[in-house]
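# Descriptive analysis of the structure
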Amino acid sequence: MGVNPATSSQCEPADRESPGGVGDPNGQDDLDPGGGSDARTPDRFQILALDGGGAKALFTAHVLARLEQDLDVSIRDSFDLIAGTSAGGIVALALGAGLVPSAIVTHYRSLVGTVFPPSRRRWWRRPRQLTRPVYDANALRTALVDVLGDKALGDSTKRLVIPSWDVQKGGVHIFKTPHHPRLTRDWRLPMVDVALATSAAPLYFPAARVDGHRLIDGGVWANNPSVVAIAEATSMLGIPLHAVRVLNVGTIDQLTTHPKRLDRGGVANWAKPIAPLILTASSRGGQGIAEHLIGKENYSRFDALVPGGFYALDSADPDDVAGLAASVSRDLSPIYSERFSRHHAATYTPAAGRRHTESLTLRSSTEDSHATR
């Protein structure tokens, strides 16, 4: 096993109307989602991008928890925008809901045991699974309710972008917090529904029906959501590319071979390796594009490189995953300290939804109080 600070060698179209951003000259970046005409450009805008990986996303939660423990930092407070795909989307939503990484570890470990029981992988179930999903979406929903409760996407305390795929229209579908005045719909959606949509992996779960859409796992097109997040920052929030910094955390990268029999094609040859290959290719492709956009020095990706065959999307030994995360976080800690820890993201104020209305009411009450003095 080796630690892999990976290199590239190994969407919903963003709305461009009224982008805006304001930067604090003291380094405390503040963004004006309304895009006022006197908006200033922030010197730094940090993005946390979390890959999809099914049960292996427990690794992601462990890495973040270890960083907080070792460095006495708040992961949530270090990033202006969080993007997560599939299982990474669940972790991102939990961070937006206010959970600390150590709590997410506990919840996600329980989720893996509940949602991916070994009994579902028995050989005698295979015939039925030719036309039915392998796992129970109701069990996943119940587990997600335990993590996210009844919070809506608009209740998030962080800007979020969560990719999915709309099978009905054949196009990308990205859930977004109301961090721009034009984003007026998704904030009403339950976080649980968003989590179900981004993690509805074909074969494993049925498509999720959310707000009239038939949606499946965002990993089919953006398993690494770094580029999606960079596009959101630049086009919707008006952040210049030179100000963007990205920390991308993977979900265990396994060494694989490509035996010559795969060159011949065929369902029997490709049935097992096709899903991991697509996810790995998507992550590496996203990494390469992100590095070209913002520069390799501004993009940090960490993963654990392990021999192939030990982990699967629906099967990962929790104790082994914790050990891998401990190793990776040891190497990531000094890089995080150097590149990310000194930035403190400004408080996120939604541009629409309940929290936006509450903010306006509070501001109005404060102004009235000052006016009567």
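This text goes with the structure placed above it.
Residues numbered from 1 in each chain as written. Predicted model: local features only at pLDDT ≥ 70, side-chain atom pairs only at ≥ 80, totals over all residues. Heavy atoms only, no water.

## A closer look at helix H11 (residues 318–339)
For clarity, the threshold we go by: Think of it this way: any DSSP run of H or I at least four residues long counts as a helix, any run of E at least two long counts as a strand, and we number them from the N terminus. Helix span, as expected, comes to 1.5 Å for every residue beyond the first. Bending is quantified residue by residue as the angle between axes fitted to the seven-residue window ending at that residue and the seven-residue window starting at it. Working definition: with a 1.4 Å probe on protein chains only, accessible area under 20% of the residue-type maximum means buried, over 50% means exposed, and in between means partly exposed.
Compared with the 32 Å implied by 1.5 Å per residue over 22 residues, the 29 Å span of H11 between its first and last C-alpha is a close match. If you look at H11, its biggest bend is around 40°, right at Leu 332, and the proline Pro 334 turns up within four residues after that. Regarding H11, the residues found buried are Val 321, Leu 324, Ala 325, Val 328, Ser 329, Leu 332, Ser 333 and Tyr 336.

## Thoughts on the packing of aromatic side chains
Operational definition: Ring pairs are drawn from Phe, Tyr and Trp, using the six-membered ring of Trp, whenever the two centres fall within 6.5 Å, and their geometry is named by plane angle: stacked under 30 degrees, edge-to-face over 60, tilted for the rest.
Scanning all chains against the criterion turns up five aromatic pairs. Considering the side-chain rings of Tyr 135 and Tyr 204, the 6.1 Å spacing of their centres and the 5° angle between planes classify their relative orientation as stacked. On the criterion of sequence distance, the pair formed by Tyr 135 in the loop between helix H4 (101–115) and helix H5 (137–148) and Tyr 204 in the loop between helix H6 (191–198) and strand S6 (208–210) is long-range, its members being 69 residues apart. Both residues of the pair, Tyr 135 and Tyr 204, count as buried. Grouping aromatic residues by their ring pairs yields a cluster made of Phe 79, Tyr 336 and Phe 340.

## Some words on the pairing of strand S8 (residues 244–249)
We apply this condition: Strands are labelled as partners when DSSP assigns at least two bridges between them.
Of all six residues making up S8, six are buried, and the element is well covered by its neighbours. A two-sided burial pattern is seen for S8, the buried positions comprising Val 244, Val 246 and Asn 248 on one face and Arg 245, Leu 247 and Val 249 on the other. Bridge count for strand S2 (residues 45–50) against S8 is six bridges, and the pairing is parallel. From the neighbouring strand, Phe 45 faces S8, where its bridge partner is Val 244.

## Concerning the nonpolar core
For the record, the criterion: Residues belong to a common nonpolar core when they are buried Ala, Val, Leu, Ile, Met, Phe, Trp, Tyr or Cys residues joined through side-chain atoms within 4.5 Å. Pairs of residues are marked as contacts when any of their non-hydrogen atoms sit within 4.5 Å.
By size, the foremost hydrophobic cluster in this structure holds 65 residues, and its most contacted members are Leu 48, Leu 93, Leu 148 and Phe 175. With eight residues, helix H1 (residues 57–71) is the single largest residue contributor to this core. In this view, Leu 48 contacts Leu 64, Ile 75, Phe 79, Leu 81, Ile 82, Ala 83, Leu 95, Leu 247 and Val 249; residues no more than four positions away in its chain are not counted. Listed in part, the 20 residues of the second largest apolar core include Val 228, Val 244, Ile 294 and Tyr 299.

## A word on the packing of H4 against H5
Note the threshold: Between N-to-C directions, angles cover 0 to 180 degrees, with each direction set by a line fitted to C-alpha atoms, over the stretch in contact for helices. Angular relationships are summarised with four words: roughly parallel below 35 degrees, roughly antiparallel beyond 145, roughly perpendicular across 65 to 115, and oblique for the angles in between. Should the near helix be turned anticlockwise from the far one by less than a right angle, the crossing is left-handed, and should it be turned clockwise, the crossing is right-handed. Each residue gets one of three labels, nonpolar for Ala, Val, Leu, Ile, Met, Phe, Trp, Tyr, Cys and Pro, charged for Asp, Glu, Lys and Arg, and polar for the others, Gly among them.
Between H4 and H5, whose axes approach to 9 Å, the crossing angle comes to 165°. As the angle between them shows, H4 and H5 are arranged roughly antiparallel. The crossing of H4 and H5 is right-handed. Contacts from His 107, Leu 111, Thr 114 and Val 115 in H4 reach Ala 139, Leu 140, Ala 143, Leu 144, Asp 146 and Val 147 in H5. Partitioning the contact of H4 with H5 into residue classes produces seven nonpolar, two polar and one charged.

## Quick look at the pairing of strand S7 (residues 213–217)
Inspection of the sheet shows strand S4 (residues 159–166) paired to S7 by three bridges, in the antiparallel sense. Across the sheet, Trp 165 pairs through a bridge with Ile 216, a residue of S7. For S6 and S7, the ladder comprises three bridges, and the chain directions are antiparallel. Across the sheet, residue Ala 208 finds its bridge partner in S7, namely Leu 215. Once S6 ends, the chain turns through two residues before running back antiparallel as S7, passing Asp 211 with a positive phi of about 55°.

## A closer look at H5
Helical geometry: 3.6 residues make up each α-helical turn, so side chains three or four residues apart lie on a common side. Here is the rule: Any N or O atom pair separated by 3.5 Å or less is treated as a polar contact, with the protein-specific requirement of one donor-capable and one acceptor-capable atom, and with residues adjacent in sequence counted only for side-chain atom pairs.
With twelve residues, H5 ought to run about 16 Å at 1.5 Å a step, and its terminal C-alpha atoms sit 16 Å apart, in line with that. As for H5, its buried residues are in contact with helix H3 (87–96), H4 and H6. Capping the start of H5, Asp 136 holds a side-chain oxygen 2.9 Å from the backbone nitrogen of Asn 138, two or three residues further along. At the exit of H5 stands Gly 149, carrying a positive phi of roughly 60°.

## Thoughts on the pattern of salt bridges
Basically, it comes down to this: A side-chain nitrogen of Lys or Arg and a carboxyl oxygen of Asp or Glu constitute a salt bridge if their distance falls within 4 Å.
Counted under the stated rule, the structure contains three salt bridges. Among the salt bridges present, the one from Arg 141 reaches Asp 193, with a minimum N-O distance of 2.9 Å. Residue Arg 141 is found in helix H5, and its partner Asp 193 is found in helix H6; the two are separated by 52 residues along the sequence. Of the residues examined, Asp 193 reaches a relative accessible area of 16% and is grouped as buried. The residue Glu 232 makes a salt bridge to Lys 176 at a minimum N-O spacing of 2.9 Å. Residue Glu 232 is found in helix H8 (residues 226–235), and its partner Lys 176 is found in strand S5 (residues 171–176); the two are separated by 56 residues along the sequence. Note on accessibility: Glu 232 and Lys 176 belong to one class, buried.

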